[in-house]
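Geometric and topological summary
Listed below, chain by chain, are the residues.
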Amino acid sequence: MKAQPQASHFIDGEYVEDTAGTVIESIYPATGEVIARLHAATPAIVEKAIHSAKRAQKEWASWSPAARGRVLKKAAEIMRERNRELSELETLDTGKPIQETIVADPTSGADSFEFFGGIIATAMNGSQIPLGGDWAYTKRVPLGVVVGIGAWNYPQQIACWKGAPALAAGNAIVFKPSEVTPLGALKIAEILIEAGAPKGVYNVVQGDRETGPLLVSHPDVAKVSLTGSVPTGRKVAGAAASQLKHVTMELGGKSPIVVFDDADIDSAISGAMLGNFYSTGQVCSNGTRVFVHKAIKETFLSRLKTRTEAIVIGDPQDEATQMGPMVSLAQREKVMSYIDKGKAEGATLVTGGGIPNSVTGEGFYIQPTVFADVTDDMTIAREEIFGPVMCVLDFEDEAEVIARANATEFGLSAGVFTADFSRAHRVVDQLEAGTLWINTYNLCPVEIPFGGSKQSGFGRENSAAALEHYSELKTVYVGMGKCEAPY
Ligand code: NAD
């Protein structure tokens, strides 16, 4: 098989198999072909991985932060050297075009290792607190064993965005990729060993919604970091809370992009297209509710239609392809059912809405789709579709659009396009979201915090802020005199 790994799991520095686990088939979304067969972790594999992480963490945490940083920076270097191979694997795993994976997936994982490897030498510093004679100091210490659980849309990036800050802070991690995309994380584990990480600090176990709870509820796990949907987030956060574990929840969204009538229209269309069609629309922070001022609606829609119909859909391994298939047949069916609801509830189909004629075979392709005249109450304006379906809504008034943009349970991201800078800042200040953009969309460099508010989750990935979620403060009071008591 095209992408069969040595074994399903990577534990304590080596590949491990246990064929007693349920079979997981890795399917190449462009053809429907099975490219690898793996096994979900059995309870024995879960135990082995957590035991290995627990043992390795003690040694890893005793290294100086700078020494840990060197390993992470080396891992980044290896990832960059192997960018093509890793990108090709990511394309097989997800169906995303090589044109994207070569610039966005392993590269962003490498950025993460490089960034945390660089800042960690000083980022774990504590403080000294004078108390007049006595004094105190604080230390930032790792949490212990972290469980990372990934979604299928950015498998390698998620494996690194969780692994890099966790490891930098001195934790060990057991990472479970999505059962839909099991391949990339194994390579990250291999690369960390090659970069000099002690065996056991980064383990990968395969599995699905049956396996996840075994990891989350394990008593030796101190923290769970999930990237997934809101319903999964509720379950995982609930299970973690029952044992008072730390959590980071990177969940879904239904984010707004607001385009005012003074905006650079082509730039706003670029933002809306990036925020709806990149990765075949399978991006959590996508701006799927595009509020366009009535005065520019017709121009916006006609240029958007022309540009959307020019998107090159096809073989993800062809460098010229701009949009690949959806990750799975199930996901395409889900998205098609939303398109049907959009039509049935009266939205105007501007373009797309079906399966492209240009591609043949069994791939899970879908046309990039734009609906106009969408109203706030329509299902397609309320629920996360997680596919290339853009909803364009009209507005006229600033206060009205802010209220409508905020009228959702989600709060992951938001964007504003306008030439008026006071308005831009005034509006983003009132939009309820964790990550916002002005006159651009969906850019997430490692230097800036990323994460959601409301039902889109809590905790932050990337930037120095992420380290706070993978460590805790220890306070030490130092008595300089005799200890006195009233007894
Ligand atoms: P999902 O919620 O179905 O699955 C996510 C992961 O959780 C998978 O690995 C799955 O096996 C595991 N899981 C499922 N049930 C579990 C349980 N009870 N206990 C423990 N683990 C369990 O999500 P998905 O379909 O893989 O991904 C799409 C979703 O992820 C979308 O909602 C998207 O918005 C979200 N997402 C969010 C971000 C972010 O950073 N905010 C990034 C990417 C994707």
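Here's what I pulled together on the structure shown here. (Residues numbered from 1 in each chain as written. Predicted model: local features only at pLDDT ≥ 70, side-chain atom pairs only at ≥ 80, totals over all residues. Heavy atoms only, no water.)

**Considerations on the site of the ligand**
So the rule is basically this: In this text, near means that some heavy atom of the residue lies within 4 Å of the molecule or strand in question. By the criterion applied in these results, polar contacts are pairs of N or O atoms within 3.5 Å in which, for protein atoms, one can donate a hydrogen and the other can accept it, and in which residues neighboring in sequence qualify only through two side-chain atoms. Areas reported here follow the Shrake-Rupley algorithm with a probe of radius 1.4 Å; residue values treat only the protein chains shown as occluding. Secondary structure is summarised from DSSP: a helix means a run of H or I of at least four residues, a strand means a run of E of at least two, and numbering begins at the N terminus for each. Residues are grouped as follows: nonpolar covers Ala, Val, Leu, Ile, Met, Phe, Trp, Tyr, Cys and Pro; charged covers Asp, Glu, Lys and Arg; every other residue, Gly included, is treated as polar.
Among the 28 residues in the neighbourhood of the ligand, the closest are listed as Gly-150, Glu-179, Ser-229, Thr-232 and Glu-384. Between the ligand and Gly-228, the relevant distance is 3.3 Å, taken from an oxygen atom to a main-chain nitrogen or oxygen of the residue. Glu-250 is positioned such that a nitrogen or oxygen atom in its side chain is 3.3 Å from an oxygen atom of the ligand. Protein chains shield 91% of the accessible area of the ligand, which is 860 Å² for the free molecule. Here the element with the most residues in the shell around the ligand is helix α9 (residues 230–241); it accounts for three residues. In terms of residue class, the shell around the ligand is built from twelve nonpolar, nine polar and seven charged.

**Some remarks on the pairing of strand β18 (residues 413–417)**
Which entries qualify depends on this criterion: Residue burial is assigned from relative accessible area. The probe radius is 1.4 Å, only protein chains are included, and a residue is buried under 20% of its type maximum, exposed over 50%, and partly exposed in between. Following DSSP output, two strands are said to pair if at least two bridges run between them. Here, the term right-handed applies to a crossover whose path from the first strand over the helix to the second runs clockwise when the strands point away from the viewer.
Here β18 lies mainly inside the structure; five of its five residues are buried. The two faces of β18 match: Ser-413, Gly-415 and Phe-417 on one face and Ala-414 and Val-416 on the other face are all buried. Examined bridge by bridge, strand β12 (residues 256–259) and β18 share three bridges and lie parallel to one another. Paired with Val-259 across the two strands is Phe-417, which belongs to β18. With four bridges connecting them, β18 and strand β19 (residues 435–438) associate as parallel partners. From the neighbouring strand, Gly-415 faces β19, where its bridge partner is Trp-437. For the crossover from β18 across helix α15 (residues 421–430) to β19, the handedness is right-handed.

**Topic: the packing of aromatic side chains**
To keep it simple, the criterion reads: Stacked, tilted and edge-to-face are the three classes assigned to paired rings of Phe, Tyr and Trp, where Trp is represented by its six-membered ring and a pair needs centres within 6.5 Å; plane angles under 30 degrees give stacked, over 60 edge-to-face, the rest tilted. Sitting over a ring, as applied to charges here, requires NZ of Lys or CZ of Arg to be within 6 Å of the ring centre and within 35 degrees of the ring normal.
Enumeration over the complete set of coordinates arrives at eight aromatic pairs. Summarising the aromatic geometry, the rings of Trp-152 and Phe-386 are spaced 5.2 Å apart at their centres and angled 70° between planes, so their arrangement reads as edge-to-face. Of the two residues, Trp-152 sits in the loop between β7 (145–149) and α6 (155–168) while Phe-386 sits in the loop between α13 (379–382) and β16 (389–395), which places them 234 residues apart along the sequence. The exposure classification of Trp-152 matches that of Phe-386, with both residues buried. Between the NZ or CZ atom of Lys-341 and the centre of the ring of Tyr-338, over which it lies, the distance is 5.0 Å.

**Looking at the environment of Val-180**
Filter applied, for reference: When checking whether two residues touch, look at their non-hydrogen atoms; a contact exists if any pair is within 4.5 Å.
Assignment of secondary structure puts Val-180 in the loop between β8 (172–176) and α7 (184–194). Expressed as a C-alpha distance, the spacing of Val-180 and Arg-426, which sit 246 residues apart in the sequence, is 41 Å. With sequence-adjacent residues up to four places away left out, Val-180 is seen in contact with Asp-93, Trp-152 and Val-327.

**Some remarks on the sheet that holds β18**
We count it as follows: Note on geometry: axes are lines fitted to C-alpha atoms, helical ones only across the stretch in contact, with angles between N-to-C directions running from 0 to 180 degrees.
Strand order in this open sheet of seven strands is β14-β15-β16-β13-β12-β18-β19, and the pairing throughout is mixed. Edge positions in the sheet fall to β14 (348–351) and β19, since each has one partner strand and no second. Across this sheet, the average inter-strand angle for adjacent strands is 20°, counted without regard to direction. Note: strand β15 (residues 369–372) against β16, three bridges, orientation parallel. Bridged to Phe-371 within β16 is Cys-391. Here helix α14 (residues 398–406) sits on the sheet and contacts β12, β13 (289–293) and β16; the angle it forms with β16, its principal contact strand, is near 145°. The sheet contacts of α15 involve β18 and β19, and relative to β19 the element is tilted by about 165°.

**Digging into α7**
All of the buried residues in α7 are Gly-184, Ala-185, Leu-186, Ile-188, Ala-189, Ile-191 and Leu-192. Two residues or fewer after α7 comes Gly-196, characterised by a positive phi angle close to 110°.

**Things to note about the packing of α6 against α7**
Working note: a packed helix pair is described by the angle between its axes plus the distance between those axes. Applicable threshold: Crossings are classed by handedness, with left-handed meaning an anticlockwise turn of the near helix from the far one by less than a right angle and right-handed meaning a clockwise turn.
Running from N to C, α6 and α7 cross one another at 35°; their axes reach a closest spacing of 8 Å. Remark: the crossing between α6 and α7 carries right-handed chirality. Residue-level inspection shows Gln-156, Ala-159, Cys-160 and Leu-167 of α6 in contact with α7, the latter providing Gly-184, Ala-185, Ile-188 and Leu-192. Along the lines of polarity and charge, the residues of the contact of α6 with α7 split into six nonpolar, two polar and no charged.

**What to know about the side chain of Thr-227**
Secondary-structure assignment places Thr-227 in strand β10 (residues 221–227). Overall, the relative accessible area of 13% leaves Thr-227 in the buried class. A polar contact of 2.8 Å, which involves the side chain of Thr-227, links it to the side chain of Lys-162. Beyond its immediate chain neighbours, meaning those up to four positions away, Thr-227 contacts Ile-149, Gly-150, Ala-151, Ile-158, Lys-162, Glu-250 and Glu-461.

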